[in-house]
Structure formats: C-alpha cells, structure tokens
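Here are the chains, one letter per residue:
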Amino acid sequence: MSSQPDVVIVGGGVIGCSIAFHLAKRGMRPLVLERGRLGGEATTASSGIVYGHHGSDGLARLSRDSYAVLPSEIEELKELGGVDAELIKCGRLDVALTDAEASLLRGEVGPHAEQGLAAEWLDSEQARELEPALSESILGGLHVPDVSAVNNQRLSDAYAAAATRLGARVRLGVDIVGLTRSGAQVTGVRLHEGDIQAGHVVIAAGAWSRVLGESIGVSIPVRPVRGQNLNLLPAAGSVRTNVTNDECVIVPRADGSLVVGVTVEDSGFDSRVTAEGVREILDRVVRLVPALGEASFTWAIAGLRPASADDLPIIGAVSGLDGLSIAAGHYRSGIVLSPITGSLIAGQIAGEPSEYLSIFGPDRFQSS
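Rules behind the numbers
- Residues numbered from 1 in each chain as written.
- Predicted model: local features only at pLDDT ≥ 70, side-chain atom pairs only at ≥ 80, totals over all residues.
- Heavy atoms only, no water.
- Helix = DSSP H or I, 4+ residues; strand = E, 2+ residues; numbered from the N terminus.
- Rg over C-alpha atoms; globule rule 2.2 N^0.38 Å.
- Buried < 20%, exposed > 50% of the residue type's maximum accessible area, 1.4 Å probe, protein only.
- Contact = heavy atoms within 4.5 Å.
- Areas by Shrake-Rupley, 256 points an atom, 1.4 Å probe, with all protein chains shown as cover.
- Lys, Arg positive; Asp, Glu negative; His and termini not counted.
- Charge placed at Lys NZ, Arg CZ, Asp CG, Glu CD.
- Salt bridge = Lys/Arg side-chain N within 4 Å of Asp/Glu carboxyl O.
- Pairing = 2+ DSSP bridges.
- Phe/Tyr/Trp six-rings, centres within 6.5 Å; stacked < 30°, edge-to-face > 60°.
- Lys NZ or Arg CZ within 6 Å of the ring centre and 35° of its normal.
- Axes fitted to C-alpha atoms, helices over the stretch in contact; angles between N-to-C directions.
- Parallel < 35°, antiparallel > 145°, perpendicular 65-115°, else oblique.
- Nonpolar A, V, L, I, M, F, W, Y, C, P; charged D, E, K, R; others polar.

### Some words on the overall build of the protein chain
Along the backbone of the protein chain there are eleven helices and 20 strands. Relative to a compact globule of 368 residues, whose C-alpha radius of gyration would be 21 Å, the protein chain shows 21 Å and is just as compact. Its C-alpha atoms give the protein chain principal-axis dimensions of roughly 65 × 40 × 40 Å. In the protein chain, buried positions account for 55% of the 368 residues. Contacts in the protein chain between residues at least 24 apart in sequence constitute 74% of all its contacts with a sequence separation of at least 6. Carbon and sulfur atoms form 49% of the exposed surface of the protein chain, whose accessible area is close to 15000 Å². One way to put it: in the protein chain the 30 positive side-chain charges average out to a point 5 Å from where the 44 negative ones average out.

The structure is reproduced here in structure tokens:
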C-alpha cells in the first residue's frame, strides 16, 4: 500500500484530529502534521463547556446539531482508541450580580423555549439551593440543564487515538514551511526536509492558518486571541454546575476539580500565562464562590484561539482552487463544533454538499 496520504491535515488541535477521525472512518488515509503537541493551543485554552446555543442563526443551529452527536461520538472514540474525554452532564447557571443582569437573564427564558431548550429563572434562594457555595450577593440565575463539560485536554488525544486505530497517521514536532501548489491545484505541504504530496490538504492550524494560506496566496482572515484558565481543587465539596456570568466561568470536571477562567486578550501570538491574568481570574471566581479562595491551585494554562474576521468558523473549500479545504476560526466554540466540523470536511472532500458549507465557507470573505 502506498505510504502517500490521501489527505494531509495541518494542525493537531481538536478540529484537525476530528477531521482525521472522520476521514479515516470513510476509509481514507489522512496524515496529521503538528509542530507541537496535540491540542496545544486553542483546544487547551478552552474551558471544556459544551452546549447547543439558542437562536435561529447558522452558528446556533450548527452548535445544536454538533452537540446532539457529541455524547455518542465521545463514546465511540473511547471504544476505538481507549481514551476517555470525560464528558459529564452538569447544566449551566448564568448568575446575576446586578438588577440589570437579572432582568436580561429573565428575558432569556422565552428564547430558549422557542428553540426547544429547557431553561428557568431561579431566584437567589433557589440558586443557592442548587449551588450552596454561591456568594450571598448573587441575585439569582438562569438555569439551563442541558449543558455538559468535557476534558478538552483529552479530546484531541481521543480523536487522534481513534483515527490512528482506523489507519490515520500523526506526526508531531513537524516544522511546516508552507503549502505547495501547481496552478489551481494544491499539491501538498512543504517541510524543511522536503515536500509531502497529497491529493488534498486541510488547513486546520488555528491562529496560524493565515500564515499557511499566505504561502500559496490564499487569504484566511483569522487572528489569535489569548485565553488563560486555571484549575482549582476545592478544599471541601465542589461546584457541580457550570457557573458563569459575563466575567467568569467555573466548569466542573469528572475528577472533582474546577476549570476557571477564561480571559479574552488580543495579545498577538503571545501565549504566556501572566500574573495579571491569574489575578484577574481568581478575583472574579472568588466573587462568585467565596469558598474557592481556599481551593488548592493545581495549574494555569494559556492558548491562542483563532477568531475569524466575523467571529464565525471558516469551514469548506476555496473556490477556484482544487485540493484545499479550510477548517479554522472556531474561536471559543471549537470543542462543541469538533464533531460536525470533522464530518463536514470529510463529507466535502468526498463530494457531499451541505448547507453549512455554503454558510461558513471561506468564499464569504471574497470581494464581490
């Protein structure tokens, strides 16, 4: 059998690894190239919270369709590759600290119901019955029960392990110079040690996708947005629900720890954890749950999320150029959108149309 891959995927985050899995399920031979470690940037920067957004726009529908298949996909990954991404059903409580916030959250009950999503307003007493450790300053909250959390740092590994079991290959520590093309055909990937030829290339390199596109004259309008988050182990008990407001998220994990954060920083390609970022997160977390001031500090991490020019994902092929697909710009929704993105790109390469490929395709950025 030829060692040449059918598809080269540039980027080993959760999106690239999901694409490899879905291609391998179709009998193709994908190769994932990653310069660092799997899930090392945007995937790491995620809090791991996953749910279907309410609303009628394309992104909301895309997230609901993806969230609907996520539990069964994670089980399939575990069975095939032996890696458990630790999906738990935790619900979400959006809490209000001011009367204005309370008014806005009460108004969200109806829109959720219109999309068939359960949601209810809890007053301050009911909110603390659900989560006793909440601050006395909480005025109430919007409770959405159909929300889950996943160990985002294991999800890329789960996709990669299952894809490898199905015949995919993964190469780490690869320094990618750019792509190669011949006229209107993308032909492969250029490395320092030589070229890798492939019938199709997928750019799934997160915030670095723009640079790869430029190597063959393709504009991919994404920018890096740093996110920092922390892991805390409560001294007694824990928070069982995803607690959030405009400033902070608290996400329970299966091991009893909490992921808390996350920052949103236009810091270029600077992916450092900063003292200011850690201080900001801890101040906000303790404001919502004072007892977490006594929690053990386990780790701090940062990564660069890829935000597109319109803050929507870029999924699909570039018109007028054969052999190239793009899966980038997922910003803060990469985890929940990983199943459907992998399926859409695999389907597109196999010649299957989708309404979503029209909505989120890269051609929307082309000048009219």
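### Here we look at the pattern of salt bridges
For the structure on display, the rule yields 21 salt bridges. Linking Lys89 and Asp146 is a salt bridge whose minimum nitrogen-to-oxygen distance equals 3.5 Å. Taken as a pair, Lys89 in strand E4 (residues 88-89) and Asp146 in the loop between strand E7 (140-144) and strand E8 (148-149) lie far apart in primary sequence, 57 residues in all. Overall, the relative accessible area of 36% leaves Asp146 in the partly exposed class. With a closest N to O distance of 3.9 Å, Arg223 and Asp266 form a salt bridge. Note that Arg223 is positioned in strand E14 (residues 222-233) and Asp266 in the loop between strand E17 (258-261) and helix H9 (275-288), a separation of 43 residues in sequence.

### What about the pairing of strand E2 (residues 30-34)?
Buried residues dominate E2, accounting for five of its five residues. The alternating pattern of E2 places Pro30, Val32 and Glu34 and Leu31 and Leu33 on opposite faces, both of which are buried. The sheet contact formed by strand E1 (residues 7-10) and E2 spans four bridges and is parallel. Opposite Ile9, over in E2, you have Val32 as the bridge partner.

### So, the packing of aromatic side chains
All told, the structure shown has three aromatic pairs when counted by the stated rule. Ring centres of Trp208 and Phe269 lie 5.2 Å apart, and the angle between their planes is 50°; on these two criteria the pair is classed as tilted. One end of the pair, Trp208, is in the loop between strand E13 (200-203) and helix H8 (209-214); the other, Phe269, is in the loop between E17 and H9, and 61 residues separate them in sequence. Phe269 sits in the partly exposed class, given a relative accessible area of 46%. Relative to Phe360, the ring of Tyr356 has its centre 6.3 Å away and its plane inclined at 35°; by these criteria the two rings are tilted. Of the two residues, Tyr356 and Phe360 both sit in helix H11 (residues 355-360), four residues apart, roughly one turn of that helix. Tyr356 sits in the buried class, given a relative accessible area of 9%. With relative accessibility at 1%, the residue Phe360 sits in the buried group. Positioned above the aromatic ring of Trp208, the side-chain terminus of Arg35 is 4.3 Å from the ring centre. The ring of Tyr51 has Arg92 lying over it, and the distance from NZ or CZ to the ring centre is 4.6 Å.

### A short note on the sheet that holds E8
Judged by pairing direction, the sheet is antiparallel, and its three strands sit side by side in the order E3-E8-E4 without closing on themselves. Every interior strand has two partners, whereas the edge strands, strand E3 (49-50) and E4, have only one. Alignment of E3 against E8, held across two bridges, turns out to be antiparallel. Bridge assignment links Val50 to a residue of E8, and that residue is Ser148.

### Observations regarding the packing of helix H3 (residues 58-81) against helix H10 (residues 334-349)
Close contact between H3 and H10 brings their axes to 7 Å; oriented N to C, the two are set at 95°. Judged on the interaxial angle alone, H10 and H3 are roughly perpendicular. Of H10, the residues touching H3 (which contributes Leu59, Leu62, Ser63, Asp65, Ser66, Tyr67, Val69, Leu70 and Glu73) are Val336, Leu337, Ser338, Pro339, Ile340 and Leu344. Looking at the contact of H3 with H10 residue by residue, the classes come out as ten nonpolar, three polar and two charged.

### Observations concerning the environment of Pro362
Among the secondary structure elements, Pro362 is positioned in the segment after H11. Setting aside its immediate chain neighbours within four residues, Pro362 contacts Ile314, Ile315, Gly316, Ala317, Val318 and Ile326.

### Brief notes about unusual backbone geometry
In this structure, the amide linkage connecting Gly261 to the following residue, Val262, adopts the cis form with an omega of -15°. Tracing the backbone through its elements, the reader meets Val262 in the loop between E17 and H9. A positive phi angle, close to 60°, is found at Glu86, a residue other than glycine. The topology assignment puts Glu86 in the loop between H3 and E4. What makes Glu86 partly exposed here is its relative accessible area of 22%.

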